[in-house]
Amino acid sequence: MRQLDQFRRRAARYLEIEPVTVAPVRGLFSLSFDDFPESAWSVAGPILADHGVLATYYVCGGLERGTNLDLPQFTTDQLQALHAAGHEVGCHTFGHDSVLRLDGPALADSLDRNARWVAERLDGYRMQTFAWPFGDASLGAKRILRSRFDLSRGVREGLNLGREDRMLIKSFGMESRRLPGYDLEAMMAEAADKGGWLTAYAHDVSDHPTPYGCTPADLDRVLTLAKQAGLTILPVDQAWGECVGQGRASKAA
């Protein structure tokens, strides 16, 4: 099963590509929170507000008031508060399911359930972007998602610039255990100098994060470095809209 899953992930990376040319008029940075744990709002929300920036929260309606990785997950009140503050709400399936474990009808049902769940709580709000749970993608899932969302964010590291796959936008993991291995200053500088789009994904935010989370100090540092590099910080949907709106993101040959 593991080898088959690896093959399917690799196939999704190289096949069923829907190419776009990403070339924003200025360097961009987008931060997103997956799932999302309660601390991604109660702890991270004030840090984002202090910096005056907006982020994207990828939501699974089935996790509301539940637990994931032994952490309490978001509440509807928190979801409504972050939406009212201007943050983007994106789709992460209803039950935080890997698409490798869902056939086509099951994936479609999960997406439909999540869309209804969010719309009922956010006055008809329609999610425009998607993030792959666990970073898992498949060819069949890409075919289903492309007609539903403007883009899908993956977990492969790198700067989004030039020819990119609309269904697997690159992103780096903002986990405290991994951040020391990045040259964050160089990554931010490259995005600014080349006019590319750098995205990051996070989970819980606390002084003692899970292996998938980060500390408040780490979050503050990343945002500070992005600002110092001159990057414009926008939610995923707004960053994508700026690329397309400027007429510089188009179908690649």
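Residues numbered from 1 in each chain as written. Predicted model: local features only at pLDDT ≥ 70, side-chain atom pairs only at ≥ 80, totals over all residues. Heavy atoms only, no water.

J.: Mind showing me how you'd approach the overall build of the chain here?
T.: Helix and strand counts for the chain come out as 9 helices and 13 strands. Over its C-alpha trace the chain gives a radius of gyration of 17 Å, about what one expects of a compact globule, namely 18 Å for 253 residues. The buried share among the 253 residues of the chain stands at 55%. Expressed as a percentage of contacts within the chain between residues at least 6 apart in sequence, the contacts between residues at least 24 apart total 73%. Here the chain has roughly 10,800 Å² of accessible surface; of this, 50% comes from carbon and sulfur atoms. (Helix = DSSP H or I, 4+ residues; strand = E, 2+ residues; numbered from the N terminus. Rg over C-alpha atoms; globule rule 2.2 N^0.38 Å. Buried < 20%, exposed > 50% of the residue type's maximum accessible area, 1.4 Å probe, protein only. Contact = heavy atoms within 4.5 Å. Areas by Shrake-Rupley, 256 points an atom, 1.4 Å probe, with all protein chains shown as cover.)

J.: I'm lost on the nonpolar core in this one. Help?
T.: If you look at soluble globular proteins, the nonpolar side chains tend to sit buried side by side. Ranked by size, the top nonpolar core spans 60 residues in total, and within it F29, F33, F36, F172, M174 and L219 carry the most contacts. Top element by residues in this core is helix α8 (residues 216–228). It accounts for 5 residues. If we skip the residues at most four places from it in the chain, F33 touches A40, A44, L48, A55, T56, Y57, Y58, A202, H203, V205 and L219. If you look at the next biggest cluster of nonpolar residues, it comprises 13 residues, including V22, I169, L234 and V236. (Core = buried A, V, L, I, M, F, W, Y, C linked by side-chain atoms within 4.5 Å.)

J.: Would you take a moment to explain helix α7 (residues 184–194) for this structure?
T.: Residue pairs three or four apart in sequence face the same way in an α-helix, which turns once every 3.6 residues. Of all the positions in α7, only L184, M187, M188 and A191 are classed as buried. Along the axis of α7, the buried residues cluster in a sector spanning 95 degrees; they form a single face. The outward face of α7, more than 90 degrees from its buried face, is lined by the exposed residues D193 and K194. Of the surrounding elements, those touching the buried residues of α7 are β2 (28–35), β10 (172–173), β11 (197–202) and α8. Within two residues after α7, G195 carries a phi angle of roughly 70 degrees, on the positive side. (Arc of directions from axis to C-beta.)

J.: Sorry if this is basic, but what is going on with the packing of aromatic side chains here?
T.: How two aromatic rings sit relative to each other is set out by the distance from centre to centre and by the angle between their planes. Tallying each qualifying case throughout the model produces 9 aromatic pairs. Each ring, one from F36 and one from Y57, has its centre 4.9 Å from the other, and the planes form 65 degrees; the classification is edge-to-face. Of this pair, F36 sits in the loop between β2 and α2 (39–42) while Y57 sits in strand β3 (residues 56–59), and the two are 21 residues apart along the sequence. Accessibility assignment for this pair places F36 and Y57 in one class, buried. Centre to centre, the rings of F130 and F149 are 5.5 Å apart; their planes meet at 35 degrees, and the pair counts as tilted. Taken as a pair, F130 in strand β7 (residues 129–131) and F149 in the loop between α6 (139–145) and β8 (151–153) lie far apart in primary sequence, 19 residues in all. Pair check on accessibility: F130 and F149 agree, each one buried. (Phe/Tyr/Trp six-rings, centres within 6.5 Å; stacked < 30°, edge-to-face > 60°.)

J.: Would you take a moment to explain the confidence of the model for the chain for this structure?
T.: Low pLDDT marks regions whose predicted coordinates should not be analysed in detail. For the chain, per-residue confidence averages 93 on the pLDDT scale, and 96% of positions sit at 70 or higher. Contacts of residues 247–253 to residues separated by more than four positions or lying in other chains number 19 contacts, the stretch itself having pLDDT below 50. (pLDDT = per-residue confidence, 0-100.)

J.: I'm lost on the environment of S42 in this one. Help?
T.: Topologically, S42 is positioned in helix α2. Residues S42 and L71, 29 residues apart in the sequence, show an inter-C-alpha distance of 13 Å. Of note is the side chain of S42, whose polar atom sits 2.9 Å from the side chain of E38. (Polar contact = N/O pair within 3.5 Å; in protein donor to acceptor, adjacent residues only side chain to side chain.)

J.: What am I meant to see in the packing of α7 against α8 here?
T.: For any two helices packed against each other, the geometry comes down to the angle between their axes and how far apart the axes lie. The geometry of α7 relative to α8 is characterised by a closest axis approach of 9 Å and an angle of 40 degrees between their N-to-C directions. Crossing hand, α7 versus α8: right-handed. Residues L184, E185 and M188 of α7 form the contact with α8, whose participating residues are R221, V222, L225 and A226. Partitioning the contact of α7 with α8 into residue classes produces 5 nonpolar, no polar and 2 charged. (Axes fitted to C-alpha atoms, helices over the stretch in contact; angles between N-to-C directions. Left-handed = near helix turned anticlockwise from the far one by under 90°. Nonpolar A, V, L, I, M, F, W, Y, C, P; charged D, E, K, R; others polar.)

J.: I tried to follow empty space enclosed by the protein on my own but got confused; where do I start?
T.: Gaps between atoms show up when a probe of the same size as a water molecule is rolled over them. With the rule as written, the count across this model stands at 1 cavity of 30 Å³ or more. Taken as a whole, the largest cavity encloses approximately 30 Å³ of empty space. In terms of lining, the largest cavity is formed by D35, P37, N68, L69, L71, Q73, H203, D204 and T210. (1 Å grid on protein atoms, 1.4 Å probe; cavity = no way out; pocket = protein on both sides within 12 Å on 5 of 7 lines; lining within 4 Å. Points joined across faces, edges and corners; volume = space filled by probe spheres on them.)

J.: Explain the packing of helix α3 (residues 44–51) against α8 here, please?
T.: The contact between α3 and α8 brings their axes to 10 Å, and the two run at 25 degrees. Taken together, the axes of α3 and α8 lie roughly parallel to each other. The two elements α3 and α8 meet at a crossing, and its hand is right-handed. Of the residues in α8, those touching α3 at A44, I47, L48 and H51 are P216, L219, D220, L223, T224 and K227. In terms of residue class, the contact of α3 with α8 is built from 6 nonpolar, 2 polar and 2 charged. (Parallel < 35°, antiparallel > 145°, perpendicular 65-115°, else oblique.)

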